Amino acid sequence: MSAGGGTKAIVAALSANAGIAVAKFVGFAVTGSSSMLAEGVHSVADTANQGLLLLGKRTSQRKADAEHPFGYGRDRYFYSFVVALLLFTLGALFAMYEGIHKVEAPEPLDNPIVAIVILALAVLLEGYSFRTAMAESRELRGSASWWQFIRQAKVPELPIVLLEDTGALFGLVFALLGVVLSLVTGDPVWDGIATIAIGALLGLIAIVLIIEMKSLLIGEGASPETLRTIVRQLEAGNVERVIHIRTQYLGPEEILVAAKIAFSGTESLVEVARSIDEAEIRVRSAVPAARLIYLEPDLDRTPR
């Protein structure tokens, strides 16, 4: 997927969350519902997160320079990691704190019908954002399951938006249940319990994102399937075999390939250089993301 892939999903999520945040805070001001307040803070965090994702996509497009000779592609991983931290601190921890406070000192809700209407509207807007993210992810996901896609994707923005929207939808359901149960039973403690559930859900999602973004930020290699394709293309010409190979993602759409390749020893320097050029062309044709390729020729000293 190109560098622009996922931008539509991010913009859709940003627009939806900004509008939802305003509505939720209005609902909190009218009703005093702690789950509405937690959901409002959650939406503010999500809106800021989408802004950071767009910033990361922009800064990652800077050209390589002397200080960063491999470019700035990992900016997208860095900002995605910051997003995961913000989701945990602003979303999960605040919701847990507010929920515990409301359970210990429950307060009756004012105009709970207003909260129900606002939350129902928020479900529709979040559903639109979630559907957009799924549509943007479908081509990149291929035959993998959604969980495999989240675990294996090298484009960080789409898994983040998918998980954020999933958490937002479940959080809205929890908030609705809390308000409805408080209304039906007359006991506002249910609103606090729903708020704690929202915090726990956001914390779980944030931890998953932190683990995945940390792995990408440190540097992940090509998938086994992509690695097999690269090796197969390297060995398709005059190269006898790949002695060893290392790969690493410098960004979502840029793989560094470094390999030592064996020749028979009868080729001239000109023939070796030509074979290396042809090997690079084959690899880039099969794996366009392999933009940086460094090949070291050597003799095959493997015992027969």
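So, here is what we can say about the structure in this document. Numbers given to residues run from 1 along each chain, matching the order in which its sequence is written. Per-residue local features are limited, in this predicted model, to residues with pLDDT of at least 70; the limit for side-chain atom pairs, both in listing and counting, is 80 or more; totals at the level of whole chains, interfaces and linings are taken over all residues. As a rule here, side-chain values cover all heavy atoms of the structure and leave hydrogens and water aside.

## So, the overall build of the protein chain
Put simply, DSSP marks the helices as runs of H or I at least four residues long and the strands as runs of E at least two long, and each gets a number from the N terminus on. A tally of helices and strands in the protein chain yields 9 helices and 3 strands. Starting at the N terminus and ending at the C terminus, the protein chain contains elements arranged as α-α-α-α-α-α-α-α-β-β-α-β. By the compact-globule yardstick of 19 Å for 304 residues, the protein chain is too spread out, its C-alpha radius of gyration being 25 Å. Think of it in three bands: residues with accessible area under 20% of the maximum for their type are buried, residues over 50% are exposed, and the middle band is partly exposed, with areas taken using a 1.4 Å probe on protein chains only. When the 304 residues of the protein chain are sorted by exposure, 47% land in the buried category. Taking as baseline every contact in the protein chain between residues at least 6 positions apart, the subset at least 24 positions apart corresponds to 74%. For the purpose of charge, His is not counted, nor are the chain termini; Lys and Arg are scored as positive and Asp and Glu as negative. Charge positions come from single atoms, namely NZ of Lys, CZ of Arg, CG of Asp or CD of Glu. Across the protein chain, the mean location of the 26 positive side-chain charges is 7 Å away from that of the 32 negative side-chain charges. Radius of gyration here is computed from C-alpha atoms only, and the compact-globule reference equals 2.2 Å multiplied by the residue count raised to the power 0.38. Note on definitions: a residue-residue contact is assigned when non-hydrogen atoms from the two residues lie within 4.5 Å.

## Re the packing of aromatic side chains
Two rings from Phe, Tyr or Trp (for Trp, the six-membered ring) form a pair when their centres are within 6.5 Å of each other. A pair whose planes differ by under 30 degrees is stacked, one over 60 is edge-to-face, and the rest are tilted. Inspection of every chain in the model, using the stated rule, returns 2 aromatic pairs. Arranged with centres 5.2 Å apart and planes meeting at 75 degrees, the rings of F78 and Y79 form a pair that is edge-to-face. On the basis of relative accessible area, F78 is assigned to the partly exposed category, the value being 40%. Residue class for Y79 comes out buried when judged on its relative accessible area of 18%. Between W146 and F149, the ring centres sit 6.1 Å apart and the planes meet at 85 degrees, which makes this aromatic pair edge-to-face.

## Side note on the pairing of strand 1 (residues 241–251)
Note on pairing: two strands pair once DSSP finds at least 2 bridges between them. Sheet topology note: the strand 1/strand 2 (residues 254–263) ladder contains 9 bridges and is antiparallel. Bridge assignment links H244 to a residue of strand 2, and that residue is K260. Here strand 1 folds back onto strand 2, and the loop between the two strands holds 2 residues.

## Remarks on the nonpolar core
As used in this record, nonpolar core signifies buried Ala, Val, Leu, Ile, Met, Phe, Trp, Tyr and Cys residues forming a set joined through side-chain atoms within 4.5 Å. Residues L234, I261 and L295 are the most contacted members of the largest nonpolar core, which totals 65 residues. With near-sequence residues (within four places) excluded, L295 lies in contact with L234, A259, I261, I276, A279 and E280.

## Focus: helix 1 (residues 7–31)
Expected helix span is taken as 1.5 Å per residue step, with the number of steps being one fewer than the number of residues. With 25 residues, helix 1 extends 35 Å from end C-alpha to end C-alpha; this agrees with the ideal 36 Å at 1.5 Å per step. When we look at burial in helix 1, the residues that qualify are A9, I10, A12, A13, A16, N17, I20, A21, K24, G27 and T31.

## Things to note about the sheet that holds strand 2
Within the open sheet, the 3 strands sit side by side as 1-2-3. Their pairing is mixed. The sheet is open, and its two borders are formed by strand 1 and strand 3 (292–299), each paired with just one other strand. On average, each strand axis in the sheet is inclined to that of its neighbour by 10 degrees, with strand direction left out of account. Pairing between strand 2 and strand 3: 8 bridges, direction parallel. Along strand 3, the bridge assignment pairs L256 with L292. Angles shown run from 0 to 180 degrees and are taken between the N-to-C directions of axes, each axis being a line fitted to C-alpha atoms and, for helices, limited to the stretch in contact. Across the sheet, helix 8 (residues 224–234) is in contact with strand 1, strand 2 and strand 3; its angle to strand 1 comes to roughly 135 degrees.

## Details of the pattern of salt bridges
Between Lys or Arg on one side and Asp or Glu on the other, a salt bridge is scored when a side-chain nitrogen of the former is within 4 Å of a carboxyl oxygen of the latter. Tallying each qualifying case throughout the model produces 8 salt bridges. Several salt bridges share partner residues, and in doing so they unite R76, E157 and E253 into one network.

## Observations regarding the side chain of S137
Its location among the elements puts S137 in helix 4 (residues 112–141). Residue classification places S137 among the buried residues on the basis of a relative accessible area of 0%. Contacts of S137, omitting those with residues within four sequence positions, involve W146, F149, L158 and L162.

## Notes on the layout of surface pockets
Grid points spaced at 1 Å over the protein atoms alone were grouped into cavities, where a 1.4 Å probe fits but cannot get out, and pockets, open sets with protein on both sides within 12 Å along at least five of seven lines, with lining residues defined by an atom within 4 Å of a point. Grid points are joined across faces, edges and corners, and a volume is the space filled by probe spheres set on the points. The computed volume of the largest pocket comes to approximately 900 Å³. For the largest pocket, the lining is made up of 24 residues, of which L140, K154, S223, T226 and Y249 are closest to its centre. Take the lining of the largest pocket: its biggest share by element is 4 residues, from helix 8. Broken down by class, the residue content of the lining of the largest pocket amounts to 14 nonpolar, 5 polar and 5 charged. Around the second largest pocket sit 16 residues that line it, and S60, Q61, G73, E254 and R291 are the ones nearest its centre. Under the grouping applied here, Gly and all other residues not named as nonpolar or charged are polar, the nonpolar ones being Ala, Val, Leu, Ile, Met, Phe, Trp, Tyr, Cys and Pro and the charged ones Asp, Glu, Lys and Arg. Partitioned by chemical class, the residues of the lining of the second largest pocket number 6 nonpolar, 5 polar and 5 charged.

## Structural notes on the packing of helix 2 (residues 34–59) against helix 7 (residues 189–218)
Describing two packed helices takes the angle between their axes plus the distance from one axis to the other. At a minimum axis distance of 7 Å, the contact between helix 2 and helix 7 shows a crossing angle of 25 degrees. Classed by the angle they form, the pair helix 2 and helix 7 counts as roughly parallel. Here S34, S35, A38, E39 and H42 of helix 2 lie close against helix 7, whose contacting residues are D191, G192, A194, T195, I198 and L202. Here the residues of the contact of helix 2 with helix 7 sort into 4 nonpolar, 5 polar and 2 charged. The labels follow the angle: roughly parallel below 35 degrees, roughly antiparallel above 145, roughly perpendicular from 65 to 115, and oblique for the rest.

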